[in-house]
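# Coordinate analysis (summary)
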Amino acid sequence: MTATHAALPAAGGATLPAAGGAPRPPRPLLSRRGRGTTTWARRWEPRFYLVPAVVVLGGLLAYPLYQLVVVSLYDYRQANVSGSAPLRFIGLQNYARLLGDEAFWTVLGNTVVFAGACVVATLAVGGALALLATRLRPWSRTVLFLASLGAWATPAMTGSAVWLFLFDPTLGFVNQTLTAIGLDGFAGHSWTYDKWSAFALVGAEIVWCSFPFVMVTLYAGIIGVPTEIQEAARLDGASTWRIALSIVAPILRPVLAIVTIQSIIWDFKVFTQIYVMTGGGGIAGQNLVLNVYSYQQAFAASQYGLGSAVGVITTLLLMVVTLAYLRALRRQGEEL
Amino acid sequence: MSAPVVARRRPRVGADVVAVLVAGVVAFPLYWMLLSALKPTTELMSGDALPYTLHPTLDAFARVLSVENVGRYLLNSVLVAAVAVPGAMICAFFAAVALTRYRFRLRTTLLVTVLVAQMVPVEALTIPLFFLFRSFGAVVPELGLNHLGSLMLVHIAFSTPFAIWMLRGFVAAVPEEVEEAARLDGASGPRFVRSILFPLVAPGLVAVSIFGFISTWNDFLYPRTFIISAQENQTLPLAILNFFKPDQNDWGAIMAGSVIMTLPVLVFFVFVQRHLVSGLAGAVKG
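As the structure is a prediction and not an experimental result, all values here were calculated from the model.

## Quick notes on the overall build of chain B
Looking only at helices and strands, one finds 12 helices and zero strands in chain B. Its helices and strands taken in sequence order, chain B reads α-α-α-α-α-α-α-α-α-α-α-α from the N to the C terminus. The globule rule puts the C-alpha radius of gyration for 286 residues at 19 Å, and the 24 Å found for chain B is more than 25% above it. Counting all 286 residues of chain B, 51% fall into the buried class. Sequence separation of 24 or more characterises 73% of the internal contacts of chain B that already satisfy a separation of 6 or more.

## Observations concerning the environment of B:Phe61
Residues and elements named next belong to chain B. Mapping Phe-61 onto the fold places it in helix α3 (residues 59-66). For the pair formed by Phe-61 and Leu-184, sequence separation is 123 residues and the distance between their alpha carbons is 59 Å. If we skip the residues at most four places from it in the chain, Phe-61 touches Ala-37 and Ala-256.

## Topic: helix α11 (residues 236-243) of chain B
Taken across its eight residues, α11(B) has six buried, putting it largely inside the fold. Within α11(B) the residues assigned to the buried category are B:Leu236, B:Pro237, B:Ala239, B:Ile240, B:Leu241 and B:Phe243.

## Notes on the confidence of the model for chain A
Residues and elements named next belong to chain A. When pLDDT is averaged along chain A, the result is 84; 87% of the residues meet or exceed 70. Note on residues 1-23: pLDDT is under 50 here. Beyond four places in sequence and across chains, it has 107 contacts. Here residues 29-36 is a poorly scored stretch, pLDDT under 50, and it has 11 contacts once near neighbours within four places are set aside; other chains count.

## Comments concerning the packing of helix α12 (residues 240-268) of chain A against helix α15 (residues 304-331) of chain A
Residues and elements named next belong to chain A. Contact geometry for α12 and α15: axes closest at 9 Å, N-to-C directions at 160 degrees. In this view, α12 runs roughly antiparallel relative to α15, as classed from their interaxial angle. Between α12 and α15 lies a crossing whose hand is left-handed. Along the contact surface, α12 presents Pro-254, Ala-257, Ile-258, Ile-261, Ile-264, Ile-265 and Phe-268, while α15 presents Leu-318, Val-321, Thr-322, Ala-324, Tyr-325, Ala-328, Leu-329 and Arg-331. Residue classes in the contact of α12 with α15 are distributed as 13 nonpolar, one polar and one charged.

## A closer look at the confidence of the model for chain B
All names here are of chain B. On average, residues of chain B score 86 in pLDDT, and 91% of them are at 70 or above. The low-confidence segment residues 278-286 (pLDDT under 50) makes 25 contacts with residues lying over four places distant or belonging to another chain. In the predicted complex, the global pTM is 0.85; the interface-specific ipTM is 0.87.

Calculation notes
- Residues numbered from 1 in each chain as written.
- Chains lettered and ligands numbered in written order.
- Predicted model: local features only at pLDDT ≥ 70, side-chain atom pairs only at ≥ 80, totals over all residues.
- Helix = DSSP H or I, 4+ residues; strand = E, 2+ residues; numbered from the N terminus.
- Rg over C-alpha atoms; globule rule 2.2 N^0.38 Å.
- Buried ≥ 20, exposed ≤ 12 C-beta atoms within 10 Å, placed from the backbone.
- Contact = placed C-beta atoms within 7 Å.
- pLDDT = per-residue confidence, 0-100.
- Axes fitted to C-alpha atoms, helices over the stretch in contact; angles between N-to-C directions.
- Parallel < 35°, antiparallel > 145°, perpendicular 65-115°, else oblique.
- Left-handed = near helix turned anticlockwise from the far one by under 90°.
- Nonpolar A, V, L, I, M, F, W, Y, C, P; charged D, E, K, R; others polar.

Structure follows, in structure tokens:
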């Protein structure tokens, strides 16, 4: 839901398989007919069509990924960038330095705890509301979905801005309301001063804009459970609870796996919200997460090699999660 | 279709009330954004946060558009999206055609590559891409750092994998018989793709391009990294960040800028909403 990939958004919904179910490639027509003159063209056509995508993805995704690894093996600083000092290959020293640095472990710990809490909260809120949505009349379901769609669509930047404003120490709605009902301690209270209070505020914004994906997906999943099976079970005397547990839950498991892993991927690489809401990583860097840390190492401290090493570690950790995601997709019968 | 058992319970008024309350809470930040953008500054800076205003004004919008030059940043954001999204769609459309309507060696490998490419955390690529575009800039300044060209290019790359993945379904949905008929009528492969497949897939392209638009429009990290000194080439998210000033935030301006940035996404989201749900339902049915 962030940039992108926000994603969906990315943005929005980064990996929703296309409408119309799993596509199946049609049989190649001409190779079957074997028309001599056209087979050559037919063979080369797909390769030709692939050229733009391959050039763009190769140049701007694959090559930078390779470069990321290369830079992480060098002592690469401002002096090396401007060319006043020679580049020095230092092997895995950047990694050794990170792993021996307490600050890095704190950042890694922050990231895991923060992302984990966001995932759990997002799933809890999204799941509960999906269940709620199944018992609503159409009009109230529409109201709920429209509001959620609004939160889902809000860009990370503007969402962060409005949440910051709501929780502003003096002019924010929250503190003014709390003070008005007699909680004077909140007059001028800063929500971003304390480390975990700041994380909680950012987390609330993230849950706000990412629960709709979970809700809509799980709702579609629940609605998609075949009625016939449930009817049959009911005729056989199964209770509602039993049906929910033994029939609906197993059918929903792959969908649950997908929303969980998707949430982990999104929350693990949060950048905008932390950067904007905590002013670049909080007081004395207390709210740094891996992505922001990598960015600050590179572009604030000019330690490009070290920043790249953080980037490589982030990518590797996410790749592990991604593999799990692929397995879940596969199990769900997504056809390649 | 009758509702499944878990949903079979008769709807209760209580559930509706809870849903409306939740919807109110969820929509509240958006309401507050709009409200604060319309409040006069004096009201905004006064001690009490009233949930309404009796004197709505467009002052904050006028202020951000004239003084803060938000019109320019809005135009920049539009320009980046206007190039990046069609660019990504062209790459993705042809790739999706190749990957769904032809069988060739490496097809499956390429599909898996697309899926993996879609998962690459682009946030980790800022450092190498920064240097790559620094070099581009030495040759063609318009494609280098501080120029919109760099943002257009990275977003073509970032939007393409997901677009390929989504478009496969739309391309494969065009029946084989149509292709056969076209070929019998003497259409060549490229002719078929251009004159028949493309118009048929166009609605799908529109839907998929909205996802590309959203991720491009919302991106904050890359403009932040690439547009270092060229103030005039900033995009909207950066402009909003610049409204944040230590101690004295002009919240009216920040909220007005936020409304301007949020509205287009909101409108487009309503358009793709159907695809969000039906695409997922399709996935669930497997």
